[in-house]
Amino acid sequence: MDVSNLLDGLNDKQRDAVAAPAQHMLILAGAGSGKTRVLVHRLAWLMQVETVAPYSLLAVTFTNKAAQEMRGRIESTIGVSLNNLWMGTFHGLSHRMLRAHYQQAGLPQGFQIIDSDDQYRLVKRVLKALNLDEKHWPAKQIQWFINGRKDDGQRPGMIDAGGDFSLQQMVKIYAAYQEMCDRAGLVDFAEILLRSFELLKNHADVRGHYQQRFRHILVDEFQDTNAIQYNWLRLLAGNAAKVMIVGDDDQSIYGWRGARVENIQQFLRDFDGAETIRLEQNYRSTATILKAANAVIANNSGRLGKDLWTDGSEGETISLYTAFNELDEARFIVSRIRSWHNQGGSLTESAILYRNNAQSRVLEEALIQEGLHYRIYGGLRFYERQEIKDALAYLRLISNRQDDAAMERIINTPARGIGDTTMNKVRLHARSEQQTLWQSLQLMLQQKQLSGRAANAIEQFMQLIDTLEQELTDLPLFEQAEHIIKQSGLYAMYQAEKGEKAQTRIENLNELVTACQNFNSSTVEDMTPLAAFLSQAALEAGDYQAEEHSDAVQLMTLHSAKGLEFPLVFICGLEEGMFPSQQSGDDPTRLEEERRLCYVGMTRAMQKLYLCHAESRRLYGQEQYHKASRFIREIPAEYLDEIRLTTQVSRPSQSNRFGSAASHVAFENTGFRLGQRVLHDKFGEGTVLNYEGTGPQSRIQVNFDQLGSKWLVTAYARLQAA
Ligand code: ATP
Ligand code: MG
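Described in the following lines is the structure provided in the data block. (Residues numbered from 1 in each chain as written. Chains lettered and ligands numbered in written order. Predicted model: local features only at pLDDT ≥ 70, side-chain atom pairs only at ≥ 80, totals over all residues. Heavy atoms only, no water.)

## Remarks on the overall build of the protein chain
Of the regular secondary structure elements, the protein chain holds 28 helices and 21 strands. The C-alpha atoms of the protein chain give a radius of gyration of 28 Å, which matches the 27 Å a tight globule of 722 residues would have. Each principal axis of the C-alpha distribution contributes one length, and for the protein chain these read about 90 × 70 × 55 Å. Residue burial in the protein chain is summarised as follows: out of 722 residues, 55% are buried. One finds the centroid of the 78 positive side-chain charges in the protein chain at a distance of 3 Å from the centroid of its 89 negative side-chain charges. (Helix = DSSP H or I, 4+ residues; strand = E, 2+ residues; numbered from the N terminus. Rg over C-alpha atoms; globule rule 2.2 N^0.38 Å. Buried < 20%, exposed > 50% of the residue type's maximum accessible area, 1.4 Å probe, protein only. Lys, Arg positive; Asp, Glu negative; His and termini not counted. Charge placed at Lys NZ, Arg CZ, Asp CG, Glu CD.)

Right, here's the structure in full:
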């Protein structure tokens, strides 16, 4: 056994942590200091040197993808299969527990997970059933309320609404929603955590089993655990397990979703004798990037405090680009990625990070135009696409007839003449009889409560589901998927639709079959392959990507970039009102969280970082003008390099940016030249940097000496030669 290679490539402090005796530990350190690396090596060390069985280890990661990667890395390092090792997200692990002990958890064996979109629909149904007007009780807000309460461990009966009418109503809706889920065997994301916590809390035998089993518990990204996750950990750990948590208070970015950075201090109080180890050397970023990120985060108060240094090179300065609008921003980014690629860099090494998912569309279009492959994390979720959810809903209803969410989705998809009037009757019946839709349909058919045509259609539909179930028995998973896609009529429906969109949907349905084929259910005990597949589809919605092009630009929100690293990083939309977001404007707590998000974004970059902002932006159909983000101003000027287009104009390769030679002439006809000094009656003197378009639409960019660069409509600019 070669122990030394587990300690190779680690500094002294990292080694101390990896080779520490069995004890509680807090690894508190800034970005890129090797926290995750330490966690992985510690796991390997425990198995190889301390001969702890994989069965006795539990590791919590922030994404499923991270868990898969870690598993692969450790397996190849120590050459042992880790099927027995519990490693995954809080949700994934809690779900596993619920499957194994579904009876004690009070769930039917075939319980299904619903995502936020399903939850939204169910909430709307509850509102209807309770006769509440959605204008006063917006479904989104209710969803937020329910999930928030669950994250804090509160059931409806535990909330004291006092004389607060509005709160009383919310609690009532919460209770009705929960009843509906329970009847249908449906579990939302927050419910997974809460149920699993209650399972441990209320069942001494289950708790005892796991407390005895897990001797070491390791948690990455601990700063973003919420109340219920923390309490779950405490119950699991009991008095015997040794817990190692790894985190960075400066990277706590989920406070808005109930994460509690205070859990770090709470841990030190609750876990006696925990040793704190601080890592201070950063191995990821150039000195410039690191110093700039440190300067930004220094503006936050109440930090636990860290000194992060690197002995790496200074590296290039950070480039700041002021775009005319979001299209210009996208074009600029794409042109930089193009040159990176031309110089031999791979696309996968580049990442574009943004604050809101809605920002991705313009970037995608620019990438497509330039012929660059890309992949989106989190945003465009494969398992959340309409056609995929339709197909999965068939599979769900086949495995559990009481699944109301699935039923709602497909009872009339493809259209089979079961209209809203009929369904409203059924919903009403279900509500008054405290039944699921399936049960109500059966009863109403028996009692001839439905009209002839609708009754016929419903009978046929229920028959179809029963027949499909029989036909699927004994088929391998991917053939099951293939079979229902064809037999349900989904395939024919999209084929009949024609057009590019329908074609994409058909391709996606085919991709679903491939995903089933590639799915390895062997690591999941206690579940049929179908149940295992459906659960992972719900839990890992954002992680799955069709592997079309392995070399692709990475697009994601700043939130989903946590823990990752890329040689080339672009952060775009750095504007007041975008990032920091509008809502955080006057609230110091939220503003600090936005700043941490900025810190997370900047510290993803290894070699080169670009910051971009646009002077005008069309988002959600509205044109907005924003000032540059305060975070840009918080970076000391010495690390920043403003990209001035004057230096680029002469380059012929840039001719695309500035249009054809003809438009160049047309621009010169306006009486201005690039690089010319001009005078504006309000903004003062400046230099012409750039222009766009011709004729009355044309705009001109001027870098004013006092105010910095601005885009103006040439016709109204009232500029004079200076
Ligand atoms: P984050 O806070 O962003 O999650 P982290 O603290 O988890 O960061 P890692 O991702 O573990 O940091 O490590 C950052 C990078 O530094 C990785 O590429 C890792 O392989 C490398 N690294 C870590 N420790 C060392 C070391 N001792 N020598 C060389 N490289 C290292
Ligand atoms: Mg990490």
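## Some remarks on the site of ligand 1
Of all residues adjacent to ligand 1, which total 19 residues, the nearest are Lys35, Thr36, Gln251, Glu565 and Arg604. In the environment of ligand 1, a nitrogen atom lies 3.0 Å from a nitrogen or oxygen atom belonging to the backbone of Gly9. When ligand 1 is considered free in solution it has 640 Å² of accessible area, and contact with the protein chains removes 83% of it. Per-element tally for the shell around ligand 1: the top contributor is helix α3 (residues 35–48), with 3 residues. (Near = heavy atom within 4 Å. Polar contact = N/O pair within 3.5 Å; in protein donor to acceptor, adjacent residues only side chain to side chain. Areas by Shrake-Rupley, 256 points an atom, 1.4 Å probe, with all protein chains shown as cover.)

## Quick word on the environment of Gln503
Counting through the fold element by element, Gln503 comes out in helix α23 (residues 499–518). Note: C-alpha distance between Gln503 and Phe683 (180 residues apart in sequence) is 53 Å.

## Thoughts on the side chain of Ser252
Along the polypeptide, Ser252 turns up in the loop between β7 (242–247) and α12 (263–270). If we skip the residues at most four places from it in the chain, Ser252 touches Gln223, Asp224, Val261, Glu593 and Arg596. (Contact = heavy atoms within 4.5 Å.)

## Details of helix α7 (residues 139–151)
An α-helix turns once every 3.6 residues. As a result, residues three or four positions apart point the same way. Taking 1.5 Å per residue, 13 residues should reach 18 Å; α7 reaches 18 Å between its end C-alpha atoms and fits that length. Listed in full, the buried residues belonging to α7 are Ala139, Ile142, Gln143, Phe145, Ile146, Lys150 and Asp151. Gly153, located one to two residues past α7, shows a positive phi value of around 85 degrees. (Expected span 1.5 Å × (residues − 1).)

## Remarks on the packing of aromatic side chains
Applying the stated criterion to the full structure yields 17 aromatic pairs. Ring centres of Phe332 and Tyr610 lie 5.9 Å apart, and the angle between their planes is 75 degrees; this geometry places the pair in the edge-to-face category. With Phe332 in helix α14 (residues 326–342) and Tyr610 in strand β14 (residues 605–619), the pair connects residues that are 278 residues apart, well separated along the chain. Here Tyr610 falls in the buried class, since its relative accessible area comes to 9%. Among the aromatic side chains, those forming a connected cluster through ring pairs are Phe62, Trp144, Tyr254 and Trp256. In this structure, Arg99 packs its charged tip against the face of Phe111, placed 3.8 Å from the ring centre. (Phe/Tyr/Trp six-rings, centres within 6.5 Å; stacked < 30°, edge-to-face > 60°. Lys NZ or Arg CZ within 6 Å of the ring centre and 35° of its normal.)

## Description of the packing of helix α16 (residues 386–399) against helix α24 (residues 529–539)
Relative to each other, α16 and α24 sit at 135 degrees, their axes nearing to 11 Å. Taken together, the axes of α16 and α24 are oblique relative to one another. Considering the relative orientation of α16 and α24, their crossing is left-handed. Between α16 and α24, the residues in contact are Leu392, Leu395, Arg396 and Ser399 and Leu530, Phe533, Leu534 and Ala537, respectively. Tallied by class, residues from the contact of α16 with α24 come to 6 nonpolar, 1 polar and 1 charged. (Axes fitted to C-alpha atoms, helices over the stretch in contact; angles between N-to-C directions. Parallel < 35°, antiparallel > 145°, perpendicular 65-115°, else oblique. Left-handed = near helix turned anticlockwise from the far one by under 90°. Nonpolar A, V, L, I, M, F, W, Y, C, P; charged D, E, K, R; others polar.)

## Observations regarding the sheet that holds strand β19 (residues 699–704)
The antiparallel open sheet is built from 5 strands, whose spatial order is β20-β19-β18-β17-β21. Strand pairing shows two members of the sheet lacking a second neighbour, β20 (708–713) and β21 (719–721), which therefore form its edges. Strand after strand, the sheet turns through a mean of 40 degrees between neighbouring axes, direction not considered. As paired strands, β19 and β20 are joined by 6 bridges and run antiparallel to one another. Within the sheet, the bridge partner assigned to Phe704 lies in β20 and is Gly708. (Pairing = 2+ DSSP bridges.)

## Section: the packing of helix α9 (residues 189–202) against helix α11 (residues 227–237)
Two quantities define a packed helix pair, namely the angle between the axes and the distance from one axis to the other. Where α9 contacts α11, the two axes come as close as 10 Å, and the packing angle between them is 30 degrees. The orientation of α9 with respect to α11, classified from their angle, is roughly parallel. Both α9 and α11 take part in a crossing whose hand is left-handed. Of the residues in α11, those touching α9 at Leu193, Leu194, Ser196, Phe197, Leu200 and Lys201 are Ile228, Gln229, Asn231, Trp232, Leu235 and Leu236. Taken together, the residues of the contact of α9 with α11 sort by class into 8 nonpolar, 3 polar and 1 charged.

## Notes on the environment of Lys124
Mapped onto the elements of the fold, Lys124 is located in helix α6 (residues 116–129). Distance in space between the C-alpha atoms of Lys124 and Gln435 is 17 Å, their sequence separation being 311 residues. For Lys124, the residues in contact, after removing those within four places along its chain, are Glu134 and Ala139.

## Quick word on the sheet that holds strand β8 (residues 275–279)
Pairing is parallel in the open sheet, where 6 strands are placed in the order β3-β2-β6-β7-β1-β8. Of all strands in the sheet, those with a lone pairing partner are β3 (86–88) and β8, marking the two edges. Adjacent strand axes in the sheet meet at a mean angle of 10 degrees when their direction is disregarded. In the sheet, strand β1 (residues 25–29) pairs with β7 via 4 bridges, with the strands oriented parallel. Pairing of Ile27 across the sheet is with Val246, part of β7. Against the sheet, α11 touches β2 (57–60), β6 (216–219) and β7, its axis set at about 160 degrees to β6.

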